[in-house]
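Now for the letters of each chain:
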Amino acid sequence: MEWNKRFAVGALTTSLLLAGCGGDINLNTGGDTAQPPVTNPDPVDPSDPIADKYSGFASRSDSIGAVDGKQVWRLEGTLIGPEGAANGQLTLGNDVVWELSGAVVVGGDNENQTTLNVQAGTKILGNSDAYLVISRGSQINAQGSVDAPIIFTSLQSGLGLETGRGQWGGLVLLGNAPTNKCPDLSSCDQSFEVGNHAFGGDDTEDNSGTLKYVRVEFAGFKINDTQELNGVSFAGVGSGTSVDYLQVHMNDDDGVEFWGGNVSVNHLVLTNNLDDSFDWTNGWSGSAQHVFIRQQDNNANRGIEADSSKSGTDTPVSMPVLSNLTLQLAGGTNGSDDDAEGILFRVGTGGSVYNALVKGGVDTGECLEVNDASTVANANSGDLSISHSLIDCVEPFKSSKDDSDVVILDTQAWFLGQEGNLAVAADLNDYQPNPSSPALSGGKTDLANLDSRLVDADYIGAFDGSTDWTLGWTTDIHDEVDAPVTQQPLTSCPAGTSNDAASAALIQGIDLVCTLQGNYTSSLTLLAGTNVKYKLDGGAVVIGDDNTNSATLAIEAGVELYGTSNSYLVISRGAKIMAQGTAEEPIVFTSEQDVTGLATDRGQWGGLVLLGNAPTNKCPDLDNCDQGFEVGNHSFGGNDSSDSSGQLSYVVVKYAGFKINDTQEMNGISFAGVGANTQVDHIQIHANGDDGVEFWGGSVNLKYVYLTDNFDDSLDWTNGWTGKAQYVFITQEDNNANRGIEADSSKSDPLGLPMSQPTLSNVTILPAQGNNGSDDAEGMILRVATGAHLANLIIQGGANTGECLEIDGDDTWANTQSGDITFTHSIIDCVEAIKDDGYETTAWWTAQQGNSLTDAMLTKGMPAVGSPALGAGKDMSGDAFFDATDYIGAFDGVTDWTEGWAFKP
């Protein structure tokens, strides 16, 4: 865990004055207790071996005695190697800490060539006007290691003071490679934007040295409104330069920027930079692979800003090759009121992008934009391309328009029309793809054969889900202490909603009740705030039209919505919901009675309905499928099993499920024809008036499902559901439930296709005792020709629970004999364990591998030490969706994954 050591300014000043009286107080930022520096270090001893090494080109600091227990030596002005050497060598050792003062320039411009060697583990501090320049013809040889990275940081950081962006300048590498700023490359002296430094030439293979395992922090000071330094600037840098494992953190302008040149970069980490994280212009034709960009909300502009030249026609044209990028984008705006956005291609750039993953939040702007006529021409000709990439954003695309506001490139159509591209949920665990993520199987293969600068990495994004190449040498990614997220009040309701002041007056501490009504054909975003709740009112609140006007409802973590007595939320085919809660701030859907402090009960509002284009056996012709949902005038179904209806993560639905008539009731969440690229994890349905969740066909997958006190069946499927589920915990209220799982295929045609055949693993069912007034409380029934593959289930009933497993119907029994139903590595712990009603169900079940009728030894669903559930499970991870587990049931006996975010009845 990393901490900044911070000191009050007054205390530091007092210590400096005391030190000036003759004390020698050292600052050691590596220990538990930091002490201020001295202003009068000990005089340089000529016999000191350190002085012997460094006094020829550096001077002992006259203001800082020691940092990290080491002397501090200052660099300033121009550094030139020993006189007469063909390529003079200067070495910055790790036995001292180095201070940069002002512009420190290595070598002359293509003269007095000098190599600056920086040893692994060296720390270099920049003061408020400092930056380091490697001149044309000179080199930097900075080769750290994973355990001993080279760190360029601010003086404040070195002194343990409060850190921030722009506290020093950064690194500038200048080379002799081409830039389109020079009409004549053989006579090119293009001025860098800061300082009197030149770059550019005709040597594509020019070598400016090596940067390996290098961190650059807190840089990017501002000179004026148009001139700021980037963390690392590559200006005319050639392909002979090696850049691998480089991080730029908390820069006040761009993270890295390329002005022409051919340099390639690998394993690049860009975190919390204020403007663009990755920027190129002026004809950059290098490559970049394994790039991780993470931005900070309200402190970033674009993940990538890509230019060639303002005219759009200057040569060489920017034409880089990029592969395996992960962009975790910010929301909001930066200090210049620029929106946080994803990738912008503009002013004539070309390039080829493979295996890019772009993940935005609910408040992120467009994630992919192609802008202006010259860039659009490159997109249409293939000089600009992006393939085998994934965009997971609320606002994924922005089309390009001309000056008359006429669309000249449909960016969405352009992106989706290229090979292997997806606009779906990324399914990430932080920045790593989960085993079930489509990113792991969708990447471009044979990259090394495509471009010799690339290595084969056939996954989308910067990470393969198992190896984290950022470990050990980066900062602010792993185990740092994050400030808690604190909601702020909103001043008004978001666009698309209207304030109901009368309703707000009924809810303590709430100023705004932002109301959603009717049909939304444009996207809307619901922001969290301490003083706001959202109301669903007036019946069905519908997002999008049926496969037209494909709007997105984005819901920020911490939002609470409530429904009035006749209201429910519908996500139409082609539309999306992006409900991205967190463990700390789940998204809650509940009833009006709940938020106004009245008595809560089942059926006080409707629930959520997600409608998709995935197959259902209700449609004989999937290419022409418009199956009516059982409530309202809504259609579902189609031929796209990979369809995406968005994301539900950390979402709680309470007190829903109103009854329309004796055969029509709402479920907590209804998944009707919902496709496999919908991400569903960490959901709870509590006290629903009908089923907790129900599936009508489709192929949607779920993880971490908590179903509590629902009145009818907790989990119900029919009409050809073929999805997967892992970690499902079902608890029911005595005398107020029917079945834990009710499983069908097709009532009208039991042999209809596709057959319901989901795969479930790690499920715990605690069925009720008694009944709900008409039906017995039971564990699981498989019926009407369903198939299923079940493993690692626990069903534990009470003394008055009905049968815990039943197979009903000849067609369903036939599936047990054909292998279309399998049920292994499970425990049934019930008085009435298995119902043999015309079938030899008990014999069939007990004969399958790993099954037992025994005491599961559970306490509220959690297996106790010694439980037969522990260590007896089946590893289902041969299917990438499933995590590897060795236990039966929803819990491993240690971790309760419902804690923190779920409502506990």
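Just so we're clear, the structure is a prediction, and the values are computed from it rather than from any experiment. Here the residue index of a chain counts from 1 through its sequence in written order. At least 70 in pLDDT is required for a residue's local features to be given in this predicted model, at least 80 for side-chain atom pairs to be given and counted, and no such filter applies to totals for whole chains, interfaces and linings, which use all residues. To obtain the side-chain values, all non-hydrogen atoms of the structure were used and water was disregarded.

Brief notes about the environment of Asn762
Here is step 1 of the chain: By the criteria applied, helices consist of DSSP H or I runs no shorter than four residues and strands consist of E runs no shorter than two, each listed in order from the N terminus. Relative to the elements of secondary structure, Asn762 occurs in strand 55 (residues 759-766).
Here is step 2 of the chain: Spatially, the C-alpha atoms of Asn762 and Asp886 are 9.7 Å apart, while their sequence positions differ by 124 residues.
Here is step 3 of the chain: Counting of polar contacts relies on pairs of N or O atoms within 3.5 Å, with two restrictions inside protein: one atom must be capable of donating a hydrogen and the other of accepting it, and residues adjacent in sequence are counted only when both atoms are side-chain atoms. A polar atom in the side chain of Asn762 sits 2.9 Å from the side chain of Ser761.

Some points on the sheet that holds strand 35 (residues 519-520)
Here is step 1 of the chain: For two strands to be treated as a pair, DSSP must find no fewer than two bridges joining them. The eleven strands are arranged 35-38-41-44-48-50-52-54-56-58-61 in an open sheet whose pairing can be described as parallel. Strands with a single pairing partner mark the edges of an open sheet, and in this sheet they are strand 35 and strand 61 (834-835).
Here is step 2 of the chain: Examined bridge by bridge, strand 41 (residues 568-571) and strand 44 (residues 608-611) share three bridges and lie parallel to one another. In the strand pairing of strand 44, Leu569 is matched with Leu608.

Quick look at the side chain of Thr731
Here is step 1 of the chain: Mapped onto the secondary structure, Thr731 falls in strand 53 (residues 724-731).
Here is step 2 of the chain: For this analysis, residues touch if any pair of their heavy atoms sits within 4.5 Å. Excluding its chain neighbours within four sequence positions, the residues that come into contact with Thr731 are Leu707, Thr708, Asp709 and Leu766.

Some details on the side chain of His825
Here is step 1 of the chain: Mapped onto the fold, His825 is located in the loop between strand 59 (821-824) and strand 60 (827-829).
Here is step 2 of the chain: A relative accessible area of 11% places His825 in the buried class.
Here is step 3 of the chain: Ignoring any residue separated from it by four or fewer positions in sequence, one finds His825 in contact with Ala791, Asn792, Leu793, Gln849, Gly850, Asn851, Ala872, Gly873, Lys874 and Ile888. To sort residues, take the accessible area from a 1.4 Å probe on protein chains only and compare it with the maximum for the residue type: under 20% means buried, over 50% means exposed, and anything in between is partly exposed.

Quick look at the pattern of salt bridges
Here is step 1 of the chain: Basic side-chain nitrogens of Lys or Arg form a salt bridge, by our definition, when they fall within 4 Å of a carboxyl oxygen of Asp or Glu. Applying the stated rule across the entire model yields 31 salt bridges.
Here is step 2 of the chain: The residue Arg302 makes a salt bridge to Glu305 at a minimum N-O spacing of 2.5 Å. Accessibility classification places Arg302 together with Glu305 in one group, the buried group.
Here is step 3 of the chain: Notably, a salt bridge pairs Arg783 with Asp744, separated by 2.6 Å at the nearest N-O pair.

Quick notes on the state of the cysteines
Here is step 1 of the chain: Working definition: a disulfide is two cysteine sulfur atoms within 2.5 Å of each other. Overall, the coordinates contain five disulfides when judged by the stated rule.
Here is step 2 of the chain: Each sulfur of the disulfide joining Cys619 and Cys625 lies 2.0 Å from the other. Of note, the bridge from Cys619 to Cys625 carries an S-S torsion of about 70° and is right-handed in sense.
Here is step 3 of the chain: Judged by its relative accessible area of 6%, Cys625 falls in the buried class.
Here is step 4 of the chain: The residue that forms a disulfide with Cys804 is Cys830, at a sulfur-sulfur distance of 2.0 Å. On the sign convention where negative is left-handed, the bridge of Cys804 and Cys830, at about -95° about the S-S bond, is left-handed. Remark: Cys830 occurs in the loop between strand 60 and strand 61 and Cys804 occurs in the loop between strand 57 (788-796) and strand 58 (805-807); sequence separation between them is 26 residues. Each of the two residues, Cys804 as well as Cys830, counts as buried.

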